[in-house]
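Understanding the architecture of this molecule
This is what each chain is made of:
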2 protein chains.
Amino acid sequence: MTIYDISEKAGVSIATVSRVLNGSRKVSEKTRRKVLDIIDRYGYTPNAFARGLGLNTMKTIGIMCADSSDLYLAKGIYYVEEKLRENGYDSILCCTGYELEARAAAMNLLITKKVDGIIMVGSNFIYEKDSDNQYIANAAAQLPVMLLNGELNAANVYSVVSDDYTSMYDATLQMMQSGIKDIVYFYNSTSYSGMRKLAGYRAAMLTQTDSTEGLEQFYRGSHEDIHAMTRYLKDLQETGLQFHGIIAADDTLALAAVKYAREMNYRIPEDFSILGYNNSMLVNCCEPELTSIDNKLETLCQHLITILLGLLEGKEMPNRTVFPGEIIKRGTTR
Amino acid sequence: MTIYDISEKAGVSIATVSRVLNGSRKVSEKTRRKVLDIIDRYGYTPNAFARGLGLNTMKTIGIMCADSSDLYLAKGIYYVEEKLRENGYDSILCCTGYELEARAAAMNLLITKKVDGIIMVGSNFIYEKDSDNQYIANAAAQLPVMLLNGELNAANVYSVVSDDYTSMYDATLQMMQSGIKDIVYFYNSTSYSGMRKLAGYRAAMLTQTDSTEGLEQFYRGSHEDIHAMTRYLKDLQETGLQFHGIIAADDTLALAAVKYAREMNYRIPEDFSILGYNNSMLVNCCEPELTSIDNKLETLCQHLITILLGLLEGKEMPNRTVFPGEIIKRGTTR
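Computed from a prediction, not measured in an experiment: that's the story for all the values here.

**With respect to the packing of helix α10 (residues 226-238) of chain A against helix α11 (residues 251-263) of chain A**
All names here are of chain A. For the pair α10 and α11, the least separation of the axes is 8 Å and the interaxial angle reads 55 degrees. Put simply, α10 runs oblique to α11. The handedness of the crossing between α10 and α11 is right-handed. Here α10 contributes Ile226, His227, Met229, Thr230, Leu233, Lys234 and Gln237 to the contact with α11, which in turn contributes Thr252, Leu253, Leu255, Ala256, Ala257, Lys259, Tyr260 and Glu263. Residue composition of the contact of α10 with α11, grouped by class: eight nonpolar, four polar and three charged.

**Quick notes on the nonpolar core**
Of all hydrophobic cores here, the largest spans 95 residues; its most connected members are Ile246 and Ile274 of chain A together with Ile246 and Ile274 of chain B. Discounting residues that sit within four places of it in the chain, Ile246 of chain B has contacts with Met175, Ile183, Val184, Phe186, Leu233, Ala257, Tyr260, Phe272, Ser273, Ile274 and Leu275 of chain B. Among the nonpolar cores identified, the runner-up in size contains 60 residues, and Cys95 and Leu300 of chain A together with Leu297 and Cys301 of chain B belong to it.

**Looking at unusual backbone geometry**
Cis peptide bonds are those with omega within 30 degrees of zero, and the linkage from Glu287 of chain A to Pro288 of chain A qualifies with -5 degrees. Checked against the element boundaries, Pro288 of chain A lands in the loop between β9 (273-277) and β10 (291-294). Across the junction of Ile268 of chain B and Pro269 of chain B, the peptide omega takes the value 5 degrees, indicating a cis bond. Within the fold, Pro269 of chain B resides in the loop between α11 (251-263) and β9 (273-277). Phi angles above zero are rare outside glycine, and Asn156 of chain A is one such case at about 65 degrees. Mapped onto the elements of the fold, Asn156 of chain A is located in the loop between β4 (145-148) and β5 (157-162).

**With respect to the relation of the copies chain A and chain B**
Laying chain A over chain B is done by rotating through 180 degrees and shifting 0.1 Å along the axis; what remains is an RMSD of 0.3 Å. The two molecules are tied by a two-fold rotation axis, judged by turn and shift. For chain A, the minimum C-alpha distance to the rotation axis belongs to Leu93 of chain A and amounts to 2.4 Å. A symmetric contact is evident, with 100% of the interface residues of chain A recurring at the interface of chain B.

Cut-offs and rules
- Residues numbered from 1 in each chain as written.
- Chains lettered and ligands numbered in written order.
- Predicted model: local features only at pLDDT ≥ 70, side-chain atom pairs only at ≥ 80, totals over all residues.
- Heavy atoms only, no water.
- Axes fitted to C-alpha atoms, helices over the stretch in contact; angles between N-to-C directions.
- Helix = DSSP H or I, 4+ residues; strand = E, 2+ residues; numbered from the N terminus.
- Parallel < 35°, antiparallel > 145°, perpendicular 65-115°, else oblique.
- Left-handed = near helix turned anticlockwise from the far one by under 90°.
- Contact = heavy atoms within 4.5 Å.
- Nonpolar A, V, L, I, M, F, W, Y, C, P; charged D, E, K, R; others polar.
- Core = buried A, V, L, I, M, F, W, Y, C linked by side-chain atoms within 4.5 Å.
- Buried < 20%, exposed > 50% of the residue type's maximum accessible area, 1.4 Å probe, protein only.
- Least-squares fit on C-alpha atoms with pLDDT ≥ 70 in both.

Following this line, the structure appears as structure tokens:
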């Protein structure tokens, strides 16, 4: 169904169809109804076809992220913007925070600004309750929605994710094979990606132990306050829990683990092993340097943009793309 | 001069003036000319007055930054977005990179999106050549432009800056008073703020030495590659230069200095002193923790938003606001 077909079936000009699609007020209510009825009946993806005709496109992509001061999200935004620019697209970004209401509002704002597609950076946009994800499905009825490291089953929603489950599974198994059985899992996010990582850790642990009870430790404080994270680990140790390894859900938590181990006068990695996640610039900040999982963020972003540009050209594209991560071995593991 | 006055003087309706201001095509060229002539003759700040009438505002602010993956800029964006949201404003952000052309394009994109004002985060937007700053002055003819930690003399451009010169002057003097005279200044930006910091260091040094020749070291590599920065310092030492202190223009460079000192087996701070800038989350990442200058970014952002909101309400606001920084003493200085 192209804009030509709609024009023919509705018995109006292409310009009129275009006006209806653009929400112009210069169209009578009767004509508007007629055009929208045809579109309802036969289905139509405005952006893809309008683009093909050079209509209704500003060559601008909307980007959403929860918090640009999060190292990982900031890097994601950076790659996505860079690759859009290389392809002649502008981008506008909304930082939404973590409240559903603000997110739905930001989504609407971007649609008002006539973006050609929306990229949601970070898996924290997907809620557990399906009804909370309706704002994404609604937007996807109007334009393609790309999820970077998140997944949602809905039409016109496309996911590009890192295989966090397998990365964490493999890393945990490796640490166990180096002789450490009492590994704490230290995390601070229950996002989609966060839960996948936790599941990977748990599955690996259960190959050799009966339970991970007490070892899964959820930290609720500020995602930047390394002192608070270190204190959390000291308090944990003082409850009498024995542990000689920490697998952290991100590099900041892992840095706090390094600080903790130093304060306890453990030798790293001889007495104590630590693994981080994201392979961010933080891995070089501590002594010894941090073993961390590289989740190939730049590759993910590159593919996400390729898929989005394909969609905008009206091509069929895969709605789920998964990349493996890689453990980058440094000084904090044996 | 209000929209009422213009309407009266031009002999057209307020709606027509509003259409001209909005660039609507429903106005004849003759009428458009007449309205614009009146505006030219008497001066007019479209946004402030249009806002007062509830016309022509989307309650949306445009934000520009060079690179959201820069820790300091990312934090600035975060605070600015948060405070706008608290005040009922949406925001859209463009990450522009460092090329003038892309910046001018981003500026135009934001104006097309009918934002009420523009916030430029980071002093790197101001070029040395005046003609390169014309894109900012041009934008300011249409809406208020706020510079976070940058300065430009132009109408309708407002600066909120940290007193980087004095902060660096005081910090350098303090390090000299602790007994270190051979202090390297390690920097990687020649932005407005970067040059102010350098000038502060230089002025303090010259109170007790004749020259800073050889001590001012400009690093050109990636702003994230701590290994490359550390190598740079080792190479410097191998040229035979003596130095027992490093003042760094940001915390990442300072972390590299800590790494360098550890590799040289210097005791910190007994044999070697290091000072960073920005008081970012990185200060807690190394051992000992980093003395750093807090340039009060959150305070700056808070005031910038207060000034912008005042302008949008048609109030007179100061066009230059300067806040002092503060040295936060930790383990890397005596």
